[in-house]
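Report on the structure
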Amino acid sequence: MRSKLPGRLLFVLLLLAGSAPGLRAESAIDGIAAIVNKNVILKSEVDEQVLIYARELRIDLSDSTKVSQLRKEILDSMIEERLIVDEANKSGVSLTKSELKEGVDRALSNTIARAGSEQIFKEELAREGLTEGELREKYEPEVRKQLLLIKMVGREVRSKVKVSDSEIQDYYNKKKAGLPKKPEEVRLSHIFIRIKPDSVALKNGTARAQQILARINKGESFETVAQDASDDPSAKYGGDLGFFSRGELDPAFEQAAFSLAEGQMSGVVQTRFGFHIIKVEKKEEGRVKARHILVRVVPRDKDKRDTRALAISLRKRMADGEDFAALAKKYSDEKETAEKGGDIGFVDVSTVPDEIREAVAPLLVGEVSEPIEDDHGYHLFQVKDRTEERDFIYSEMKDELREMLSQEKMKEGYDKWVAGIKKKAYIEIRTWQ
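Before going into details, it helps to say that this report is about the structure given with it. (Residues numbered from 1 in each chain as written. Predicted model: local features only at pLDDT ≥ 70, side-chain atom pairs only at ≥ 80, totals over all residues. Heavy atoms only, no water.)

Digging into the sheet that holds strand β5 (residues 240-245)
For sheets, the rule is that strands pair by backbone hydrogen bonds, running either parallel or antiparallel. Pairing within the open sheet is antiparallel, and its four strands lie in the order β5-β8-β7-β6. The sheet is open, and its two edges are formed by β5 and β6 (265-271), each paired on a single side. In this sheet, adjacent strand axes meet at a mean angle of 40° when their direction is disregarded. Pairing of strand β7 (residues 274-284) with strand β8 (residues 287-296) involves ten bridges; the strand directions are antiparallel. Its bridge partner lying in β8, E284 is registered against R287. Helix-sheet contacts for helix α8 (residues 199-217) involve β6, β7 and β8, and the interaxial angle to β6 is about 165°. Sheet strands touched by helix α9 (residues 222-229): β6, β7 and β8. Its angle to β8, the strand with the most contacts, is close to 40°. (Pairing = 2+ DSSP bridges. Helix = DSSP H or I, 4+ residues; strand = E, 2+ residues; numbered from the N terminus. Axes fitted to C-alpha atoms, helices over the stretch in contact; angles between N-to-C directions. Contact = heavy atoms within 4.5 Å.)

Here it is as structure tokens:
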């Protein structure tokens, strides 16, 4: 909102996660980068942020010109932060304990997610010699500052931005020539046939999973058995998957996991990866923390050949007059679209993967593609309709235009507000190499 940097108000949790769990080492002798009213910004604080942003923005630290510009932008941003926090304190803006706790919780969740799992996170903490409680305490001042910034900007800037329909129409008329075009779209129907292991492989996989389940039921710990028997990379962490929400993992796996209570273990659950045993450790706010054991069942070359043959036969049946939608409902393993006869709807051609775009590009409306192979199976696409690239009409862009105009007004309002604060403040910037 105020510089070329990614907005610090939105980027702070990423920065926290990127630098955690370790914290910067304070130099025994530190210099002052700037004085803002009664606050001091240390050179080491600026340098720490330079290192983080340089990594995120892929700036070569040996490029002195770019690093110098980055340091200036970061210092300007930090000065603004100090001024806004001062303004919040003068205005009596504060945080509740629950707001601060939620902010720290989000920062901690970000760190765990970036670590890969809670087990890896705990191992990193142990290497740093920190407890989770100590890390939360170290996060708290930065989180408090950022939440105050968000509150102040919301109160002084965002809440005062109003955009009328007539302003949006005027904005559209002025910007129309430079607005992006509505891209070419194609309406597709889809059949996906998954490569599945044969019945013998499935039977053997089921038997092995039942044997593993019996070990746990006889008293062995889930974590120990996972380390010993699971075919998943999480085995070395005792099957720990950390927290996950709906939509992140295989649907069948999620359905089983979310149906379990805390501490409860599933039976054998089949997904496209094989057979799982799942144990839920914690549930909170639409998320589940679980461990699992995977017995992987891998299709053979014959399974792949049989699947391709089925896809070819379905395409021939459609060429002979059978209905795509009826065959999709019967044969497609993409259940969400199968229920709609394979209908995906209109898609932007530019966003379609190359292999699909190349397969459907020459097709006339009503024609079906050759089978398209990926790592999991074969796809058939039917072109239902096409639209050419054209200008967006006002009604199609109204919501986006409202947001664009709101953002412009917010930037103008923010810059004006901060300029007013700076006029009343004492700011001394010191240079350093």
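Some remarks on helix α7 (residues 165-175)
Among all positions of α7, only I168, Y171 and Y172 are buried. End-on view of α7: buried residues confined to an arc of 100°, all on one side of the axis. Elements that come into contact with the buried residues of α7 comprise α15 (394-424). (Buried < 20%, exposed > 50% of the residue type's maximum accessible area, 1.4 Å probe, protein only. Arc of directions from axis to C-beta.)

So, the sheet that holds strand β4 (residues 185-194)
What the four strands build is an open sheet, ordered β9-β4-β11-β10; its pairing is antiparallel. Among the strands making up the open sheet, the edge pair consists of β9 (343-348) and β10 (372-373). Examined bridge by bridge, β4 and strand β11 (residues 377-387) share ten bridges and lie antiparallel to one another. Its bridge partner lying in β11, S189 is registered against Q382. The strands that helix α11 (residues 301-319) touches are β4, β10 and β11; relative to β11, the one it contacts most, it runs at about 30°. Contacts from helix α12 (residues 324-331) reach β4 and β11, with the element oriented near 40° to β4.

What about the pattern of salt bridges?
On inspection of all chains with the given rule, the structure shows 44 salt bridges. For D198, the salt bridge goes to R300, with nearest N and O atoms at 2.1 Å. Of this pair, D198 sits in the loop between β4 and α8 while R300 sits in the loop between β8 and α11, placing them 102 residues apart in sequence. With a relative accessible area of 47%, R300 lands in the partly exposed category. Residues joined by salt bridges that share partners form a network here, namely E118, K122, E223, D240, E281, K289 and R291. (Salt bridge = Lys/Arg side-chain N within 4 Å of Asp/Glu carboxyl O.)

Brief notes about the packing of aromatic side chains
Scanning all chains against the criterion turns up four aromatic pairs. Aromatic pair Y414 and W417: ring centres 6.2 Å apart, planes at 70°, arrangement edge-to-face. In this pair, Y414 and W417 are both assigned in helix α15, three residues apart and thus about one turn of the helix distant. Like Y414, the residue W417 is buried in the burial classification. Among the aromatic residues, those joined into a cluster by ring pairs are F244, F253 and F258. Between the NZ or CZ atom of R246 and the centre of the ring of F258, over which it lies, the distance is 4.1 Å. (Phe/Tyr/Trp six-rings, centres within 6.5 Å; stacked < 30°, edge-to-face > 60°. Lys NZ or Arg CZ within 6 Å of the ring centre and 35° of its normal.)

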